[in-house]
Amino acid sequence: MELTSTVEILSNPKGRHRKEKMAFRFAFITDTHLYPDAPQNFGGDGSQQQESSIEIYTELIRQLNEFQPEFVIHGGDIVCGGDSFGMTVEQYEAALRQAKRFEEQLNAPCYYIPGNHDLNPVTGSKAAYLEHFGTDGRAYTSFVHEDIRFILLDSQEVPKDLTHGHIGERQLDWLREELESAAGAEQGVLLFAHQLIFPPQEFQGLGARIDNTEAVLAILDEFDPLLATFHGHLHLNRVIKRRGVLYTITAAAICYPMMWRQVFVEADGIYVKSCQLGLPEIVAKSAAVSPDRHELLLGSETDREFIIRRRRS
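Because the structure is a prediction, the values reported are computed rather than measured.

Description of the packing of aromatic side chains
No. 1: The final tally for this structure, using the stated rule, is 24 aromatic pairs.
No. 2: Between Phe28 and Phe192 the ring centres are 5.6 Å apart and the planes differ by 45°, which places this aromatic pair in the tilted class. Here the residue Phe28 occupies a position in strand S1 (residues 24-29), and Phe192 occupies one in strand S6 (residues 188-192), the gap between them amounting to 164 residues. Grouping residues by exposure puts Phe28 and Phe192 together as buried.
No. 3: Aromatic ring contacts, followed pair by pair, group Phe24, Phe26, Phe28, Phe71, Tyr111, Phe143, Phe150, Phe192 and Phe230 into a single cluster.

Looking at the nonpolar core
As a rule of thumb, nonpolar side chains are buried together in soluble globular proteins.
No. 1: Counting residues in each nonpolar core, the largest one holds 53 residues, and the members touching the most others are Ile56, Leu64, Ile78, Trp260 and Leu277.
No. 2: Listed by contribution, the elements that provide at least two residues to this core are S1, helix H2 (53-67), helix H3 (89-105), strand S3 (110-112), helix H4 (127-133), strand S10 (259-265), strand S11 (269-276) and helix H7 (280-289).
No. 3: With 6 residues, the top contributor of residues to this core is H2.
No. 4: When near neighbours in sequence (up to four residues on either side) are disregarded, Trp260 contacts Ala27, Phe28, Ile29, Leu60, Gln63, Leu64, Phe67, Thr250, Lys273, Ser274, Cys275 and Leu277.
No. 5: Residues Ile151, Ala182, Phe198 and Leu226 belong to the second largest nonpolar core, which totals 24 residues.

Describing helix H6 (residues 213-220)
No. 1: When H6 is considered as a whole, its buried residues turn out to be Thr213, Val216, Leu217, Ile219 and Leu220. Looking straight down H6, one finds that the buried residues subtend no more than 160° of arc, so they occupy a single side.
No. 2: Check the buried side of H6 and you find it contacts helix H5 (169-184), S6, strand S7 (226-231), strand S8 (238-242) and strand S9 (245-249).

Re the sheet that holds S7
No. 1: The mixed open sheet is built from 6 strands, whose spatial order is S4-S5-S6-S7-S9-S8. Of all the strands in the sheet, the pair left with one neighbour each is strand S4 (141-145) and S8. Going from strand to strand, the sheet's axes swing by 20° on average, the running direction of each strand aside.
No. 2: Sheet strands in contact with H5 are S4, strand S5 (148-152) and S6, and its direction is about 175° off that of S5.

Remarks on the state of the cysteines
No. 1: Tallied over the full model, the rule gives 0 disulfides.
No. 2: With no disulfide of its own, Cys80 has Cys255 as its nearest cysteine by sulfur position, at a separation of 11 Å.
No. 3: Cys80 sits in the buried class, given a relative accessible area of 0%.

Details of the confidence of the model for the chain
No. 1: Chain-level pLDDT for the chain is 92 on average; 92% of the residues reach the 70-or-more range.
No. 2: Segment residues 1-21 is flagged for pLDDT under 50; beyond a separation of four residues in sequence, or across chains, it makes 44 contacts in the model.

Overview of the pairing of S5
No. 1: The element S5 is extensively covered by neighbouring structure, given that 5 of its 5 residues are classed as buried.
No. 2: Of the two faces of S5, both are covered, the one formed by Ile148, Phe150 and Leu152 as well as the one formed by Arg149 and Ile151.
No. 3: As defined by bridge partners, S4 adjoins S5 across 5 bridges and the pair is classed as antiparallel. Residue pairing for S5: Val144 is matched across the bridge by Arg149.
No. 4: Connecting S4 to the antiparallel partner S5 that follows it, the hairpin turn spans 2 residues, and Glu146 within it adopts a positive phi of roughly 55°.
No. 5: Remark: the S5/H5/S6 crossover connection has right-handed handedness.

Focus on the packing of H5 against H6
No. 1: Contact pair H5 / H6: the axes reach a minimum separation of 10 Å and the direction vectors enclose 20°. When the interaxial angle is binned, H5 and H6 end up roughly parallel. Both H5 and H6 take part in a crossing whose hand is right-handed. On H6, the residues touching Leu172, Leu175, Arg176 and Leu179 of H5 are Ala215, Val216, Ile219 and Leu220.

Some words on the environment of Asn120
No. 1: Here Asn120 lies in the loop between S3 and H4.
No. 2: Assessed through its relative accessible area of 11%, Asn120 is described here as buried.
No. 3: Separated by 33 residues in sequence, Asn120 and Met87 have C-alpha atoms that sit 9.0 Å apart.
No. 4: When residues no more than four places from it in sequence are discounted, the contact partners of Asn120 are Gly82, Val89, Tyr92 and Ser125.
No. 5: A polar contact is formed between the side chain of Asn120 and the backbone nitrogen of Thr123, at a distance of 3.0 Å.

Here's the deal with the sheet that holds S1
No. 1: Here we have 6 strands laid out as an open sheet, ordered S3-S2-S1-S10-S11-S12, and mixed in their pairing. Each edge of the open sheet carries a strand with a single partner, namely S3 and strand S12 (305-309). Across the sheet, the mean angle from the axis of one strand to that of its neighbour is 25°, orientation sign disregarded.
No. 2: Across 5 bridges, S11 lies against S12 in antiparallel orientation. The residue bridging Ile270 from the neighbouring strand is Ile308, located in S12.

Cut-offs applied
Residues numbered from 1 in each chain as written. Predicted model: local features only at pLDDT ≥ 70, side-chain atom pairs only at ≥ 80, totals over all residues. Heavy atoms only, no water. Phe/Tyr/Trp six-rings, centres within 6.5 Å; stacked < 30°, edge-to-face > 60°. Helix = DSSP H or I, 4+ residues; strand = E, 2+ residues; numbered from the N terminus. Buried < 20%, exposed > 50% of the residue type's maximum accessible area, 1.4 Å probe, protein only. Core = buried A, V, L, I, M, F, W, Y, C linked by side-chain atoms within 4.5 Å. Contact = heavy atoms within 4.5 Å. Arc of directions from axis to C-beta. Pairing = 2+ DSSP bridges. Axes fitted to C-alpha atoms, helices over the stretch in contact; angles between N-to-C directions. Disulfide = S-S within 2.5 Å. pLDDT = per-residue confidence, 0-100. Right-handed = clockwise from strand over helix to strand, strands pointing away. Parallel < 35°, antiparallel > 145°, perpendicular 65-115°, else oblique. Left-handed = near helix turned anticlockwise from the far one by under 90°. Polar contact = N/O pair within 3.5 Å; in protein donor to acceptor, adjacent residues only side chain to side chain.

Next up, the structure:
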């Protein structure tokens, strides 16, 4: 099995992505952890800036609208439900409503997958999440744009916030059908899930990943169209390669380095660039809490800007 963190660096991305060359562009954001009227900053050490989460989300919306993507994909942990933040049910539902109001300010459609902190903080239910962000009563979905099939998985098929995720049998069957359809239509596939599908050696702990990764990988390995996966959850930038597929992790919006991904889909490749929120004082406040973790969270240059080749060798 090939395992390396060496990927092709995207040099001079701004100059390379001239609009006339592009097929389309989209944005990937994750781990916004919205908490209106938060009583404190969280994250154990206080690096997560929940006290500024409204300002952070506002700036994120501003940057996304400036980028002008065809659509946005949110990788989960939209709000601060689950077990870690002490939200009441009323606060949780108010945060979901606020996130929906932010979506209405976007000049592009937004697709969502749930994170472990998008579950009801008392019951563990996804009902309120589905009311605001579900598709046909489900938390997983797919769509096709140009010649790319986007598959958005629900890795929260669990009874409550367990940190790790799970993909149930019905969804696994659906995933296989989606990949078969993509192969038949000669479409490339980009796949999205909150927790990791492929846990690299650096992140072997159960909390980082889906607990039945082997079952998911067995299905993915049957099909050639898969080009890359996108994940959040770990609040850092990382890119690794497995069997010619890039498995990518994106930093959180709520804490240092406060980044999101611009993704440019072209005929020869998919170019990915990380962007930092334009909130220098808040970024610096988060960074000052744990300066020893900067390198871990920021990742290398190739974790921040890279190319996903459309045709793998």
